[in-house]
Amino acid sequence: MRRRGGRTALALVAVASAAALAEVASDPAQAVTRSPTHRAGPDRAPRAASPWAVAPMASPPQQGAATGQATGTARAGTLAPLAMAGSTARIATGRQVTSSCVPGPLPTTTTTPTGTTTTTTPTTTTTTTGTATLPPGATGEPASSSTTSSTGTTAVPTTGTSSSTTTTSLAPPVLTSTPTTTVPAPAPAPTAYYLFESDGYVLAYGAATYHGSTASTHLPRVVSAAVTPDGGGYCLATAAGDVYHFGDAHYYGSPVHHAGLAPVVAIAGTPDGGGYWLVTSTGSVLNYGDAEFCGSEVHTPLKSPVVAFAPTPDGGGYWLVTASGTVYNFGDALHFGSMGRAAPRGAVVAFAPTANGKGYWLVTAQGGVFNYGAAEFFGSATRLHFPGTIVGIAPTADSKGYWLATSTGRVFHFGDAHYAGSLLYSPPARPVTVTAIVRGVKPVVQREQPPFPAGKFGYDVSSYQCAKGSPGEVQKGMPTTAGVNVIQVAGWLDSSANPCLAAEAQWASSAAGSLSSAYSLYLFLNSPADAPASLRQSAEGPAGSCGTLSGGSALRCAAYNYGYNGAEDALTYADAEGVSSKLWWLDIENAQLSQNNYSDLPLSYWSRSKALNDATIQGAIDALRHAGLTVGIYSTSLQYAAIAGEYTPKGPPLPLWVAGVPWTSPPYSEKGLYRPSVLTSWCAGSARYPGTRSLDVFAGGVPWLLQETPGAEPSPYGLDPDYSC
C-alpha cells in the first residue's frame, strides 16, 4: 500500500499487536465482507518492461531523447531523526525527553495512588472500589451474570479487579423566566469496525466498507492497521515495515530499506489522512507525510518492548506504550498514569486514547481494561472464557464504549459499542492470527472518478505519430477503435509543441466512438535549462521576479515559474488548436539527472536537485488546476522517487498513470501472457515491479490509467497500449 492540514478531526485509530497473537474466522450470521482468495496464475510470471525505462513518449523526434538508465533505490520513507532540538515532553517517569513538538499543558487533574481526582464545580470524585458487573450482553453473546475486573484509575494498580464509582455534585440551578429549548441529541455513529489478520485478510463489519487486502500475496506478517478519517480506505503495516494502502488511503513512505530496524509494531494516521507514523518495538518513531516527529524512546533502555502507539486528536503529539504498561507521552499528549512496575498478570497488548485526548485505556492479553484520566470503565474480559488472547481495543466515536478483539477473531462489546459480527463460528487455521481491531467510519466523501470507463484498452500518441512530410496529419495505419486515449500537447515545457495535435484529437474521437471521454492530454515535464528560452520562461511568474533574488531562492523561484508558465503555454497552444480535455497528465520520466541545477537536454531531463524538480512539478500542477483542470502524473514509482524524492504535491490526491505494468493478451498477441485480470492489483496500487520491493504507486496518488510499456515484443500498431482502471 502508498500514499494530507487541519487538526480538528479525530486521529486515525491504530491498534498494534503486542506479539504474534492471533487467529481468524468469520461469522456467517453477520454481514461481513471478506477479501477474495486469488488463484494462482500460469507458471510464467507476468512480463513487464523495466520500471526504469518507461516509453519515451514525449521527447521531440528532432532531439532524439532517450529514456536513459539510472541507479537508485525503491521509494522508501526517510528514517525520522531520533532526537531533535526543541521543547520537552513529560513522560511517565518524570524525565524530560527532547521533542520537536510544543508540549501540551500539564493535566488539570492529578492521578494519585488512591485514584481520587478533584476539579472545580461541578465536582467529580472517582474512587477505586470492589468489582464491576458487566452490562447484559456486553460480550456480544446472551446476557451474562459474570463479573469483570480491572480499571486503571490508579497510577499503579495493585490488583486486577476494581471499578469506578462516580459521585457528581452540581451547583443549585438558577431559576429564570427565559424559555428553554431542547436540542436533540446527535444521531449515534453507525456501528462499524474492521478485523485485520496477520496474512493480510481484511474483514469489514456493520457500516465499515471493504476496500481490498494483501491476502494470498505471501507478504511479511501484518501487525497493525489504520483507517482514513472519512472511512474510505485503510493502510496495513507489516513487521518488516511495508505499508499497503487501499481505497482513498495514500502511501507516503516506509522503512523497508533501512537495515537493522527493529520490527514495526504499529501504524497510525494523522487527523487529516495526510500522513502516518510507524513505530518499532524498540521505540523508534518514523514519520511520513504530514505526520510530525515529537520524540522517541529508541535511545532509552526499555525493560519491555513497545507494543502500542496512538496520536493525539490534533496530531500534535502521541503516546508510546510498552508491554509492561509504561506510557510515554510526547508533544501535546498528556500523561494520566501507567502501570509501570505494578503491571497486572499478563502483558499489555493494546492502548487507545479517548476522542478528546483527555484519557486512555490500557488492555492486557487476558482482557483486563485499565482506564486513566477521562476514560471510563465499561467492562473487561478477564472473567470471560475465550481461546487465544486479547489483541486490540477500539473505542466508539464518543468514547462511551469500546470493542475488544481476540486472537481468534471474537469481538466483545461494552458501553455503547454495538455488536456487528465476529469470527466466532469459523476460526481460521493456524498460524494465521487476528492482529488488530479498528473502528470504521461510514464513508461520506467520494473521491473523484476517472472520466473514462474502466477496463478499456487504448493508446497514447505523440508527435512521433505525425505523418512524415505532412506534420499536420496523422500517420497511416492507426487503430480504428480505442477505448481510452492520451495525446501529447508538447514535448518540452518551453518548446516542441505537437504539430498534429488537432489531427490526433480527431482520430481519438473517431476511435473512441460513442464513449463520452474520447481522450485526455499530456505534457512532457523537465527542469529549466541554462539556455535563453528557459531563462526567459522562468524569469517572471507567480513565484515572483527571480532576478531580484539570489542563491537558492532564485533557483526555486525560477523552477516554479518554469513549470507554471510552461503548462500555461501548453494550455494556450491546445486552445488555439481547438483541442481540450478536463484531464491533463504530466509526464515525469528519465531518472538520469544532470550534474548541476539545470537540465541537460536531451540527455538529462532533470536537475540534480530533487527540491528544484519538486518546484517545477508543483508549478505545472498549479497552472493547470488554476484553469479548472484535473491533473495527473505519468511515471513509475522508481523513476519518480529518483527525480522528485518523497514529494507529494499539494492539493487533493493526484490521479496516476502508471507505466511499466505487465504485458497482457490482449492487447499483445504473444502466447503465454497473462490475461488483463492481472492488472487489478496494479489498479489497486498493491502491485510490485519485478525484482523490487517498490509498489507501483507514487506521489500520494491513485492509479487511474496503466501503460503496458513496450519492450522486446512489438506493440500493437507501434503504439503504447494503455488500460483504464
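Predicted, not measured: the structure shown is a model, and the values here were computed from it.

## With respect to the overall build of the chain
Here is step 1: Scanning the chain for helices and strands turns up six helices and 38 strands.
Here is step 2: Counting all 725 residues of the chain, 55% fall into the buried class.
Here is step 3: As presented, the chain carries roughly 28,300 Å² of accessible surface, and 56% of it is formed by carbon and sulfur atoms.

## Considering the nonpolar core
Here is step 1: Formed by 98 residues in total, the largest nonpolar core has its most connected members in F196, L523, L525, W584 and Y640.
Here is step 2: Ranked by the residues each element gives to this core, the list is headed by helix α3 (residues 551–576), at eight residues.
Here is step 3: Once residues lying within four places of it in the same chain are set aside, the contact partners of L525 are L493, L586, D587, I588, W606, I617 and A620.
Here is step 4: Counting 19 residues, the second largest nonpolar core, distinct from the first, contains V349, F386, I390 and F412.

## Overview of the sheet that holds strand β11 (residues 233–238)
Here is step 1: The three strands are arranged β10-β11-β12 in an open sheet whose pairing can be described as antiparallel. The sheet terminates laterally at β10 (222–227) and β12 (243–247), the two strands that pair on one side only. Direction aside, neighbouring strands of the sheet carry axes that sit 20 degrees apart on average.
Here is step 2: Relative to β11, β10 runs antiparallel, the two being bridged by five bridges. Residue S224 lies in a different strand from β11, and its bridge partner there is A237.

## Let's talk about the side chain of N590
Here is step 1: Of note, N590 is situated in the loop between β34 (583–587) and α4 (610–626).
Here is step 2: Here Q592 takes part through its backbone nitrogen, which lies 3.1 Å from a polar atom of the side chain of N590.
Here is step 3: From its side chain, N590 meets the backbone oxygen of L603 in a polar contact 3.2 Å long.

## What to know about the confidence of the model for the chain
Here is step 1: Here the chain averages 75 in pLDDT, and 71% of its residues register 70 or above.
Here is step 2: Element-level mean pLDDT values for the chain span from 29 in strand β4 (residues 123–129) up to 98 in strand β16 (residues 306–311).

## Notes on the sheet that holds strand β21 (residues 369–373)
Strand pairing in a sheet relies on backbone hydrogen bonds. The paired strands run either parallel or antiparallel.
Here is step 1: Read from one edge to the other, the open sheet built from three strands follows the order β19-β20-β21, with strand pairing classed as antiparallel. Edge positions in the sheet fall to β19 (348–353) and β21, since each of these pairs with one other strand and no more. Taking the axes of each pair of neighbouring strands and ignoring which way they run, one obtains an average angle of 20 degrees across the sheet.
Here is step 2: Summarising the sheet, strand β20 (residues 359–364) and β21 pair through five bridges and their orientation is antiparallel. When the sheet's bridge partners are listed, W361 is paired in β21 with N371.

## Quick look at the side chain of N526
Here is step 1: One can find N526 in the loop between β31 (520–524) and α2 (532–539).
Here is step 2: Side-chain polar atoms of N526 contact the backbone nitrogen of L493, separated by 3.1 Å.
Here is step 3: A polar side-chain atom of N526 sits 3.0 Å from a polar atom in the side chain of Y562.

## Some details on the environment of S545
Here is step 1: Here S545 lies in strand β33 (residues 544–545).
Here is step 2: Among the residues examined, S545 registers a relative accessible area of 29% and is labelled partly exposed.
Here is step 3: The sequence separation of S545 and C557 amounts to twelve residues, and the corresponding C-alpha distance is 7.8 Å.
Here is step 4: Those residues in contact with S545 that lie beyond four places of it in its chain are A539, E540 and C557.
Here is step 5: Among the polar contacts listed, one links the side chain of S545 to the side chain of E540, at a separation of 2.6 Å.

## Section: the packing of aromatic side chains
Here is step 1: With the rule as written, the count across this model stands at 31 aromatic pairs.
Here is step 2: Ring geometry for W277 versus F309: centroids 5.8 Å apart, planes at 50 degrees, classification tilted. One end of the pair, W277, is in strand β14 (residues 275–280); the other, F309, is in strand β16, with 32 residues separating them in the sequence. Here W277 matches F309 in class, with each residue buried.
Here is step 3: On the basis of an interplanar angle of 50 degrees and a centroid distance of 5.8 Å, the ring pair of W319 and F351 is categorised as tilted. Of this pair, W319 sits in strand β17 (residues 317–322) while F351 sits in strand β19; the two residues are 32 residues apart in sequence, bridging distant segments of the chain.
Here is step 4: Here the aromatic residues W319, F336, F351, Y360 and Y372 are joined through ring pairs into a cluster of three or more.

Reading guide: rules and limits
- Residues numbered from 1 in each chain as written.
- Predicted model: local features only at pLDDT ≥ 70, side-chain atom pairs only at ≥ 80, totals over all residues.
- Heavy atoms only, no water.
- Helix = DSSP H or I, 4+ residues; strand = E, 2+ residues; numbered from the N terminus.
- Buried < 20%, exposed > 50% of the residue type's maximum accessible area, 1.4 Å probe, protein only.
- Areas by Shrake-Rupley, 256 points an atom, 1.4 Å probe, with all protein chains shown as cover.
- Core = buried A, V, L, I, M, F, W, Y, C linked by side-chain atoms within 4.5 Å.
- Contact = heavy atoms within 4.5 Å.
- Pairing = 2+ DSSP bridges.
- Axes fitted to C-alpha atoms, helices over the stretch in contact; angles between N-to-C directions.
- Polar contact = N/O pair within 3.5 Å; in protein donor to acceptor, adjacent residues only side chain to side chain.
- pLDDT = per-residue confidence, 0-100.
- Phe/Tyr/Trp six-rings, centres within 6.5 Å; stacked < 30°, edge-to-face > 60°.

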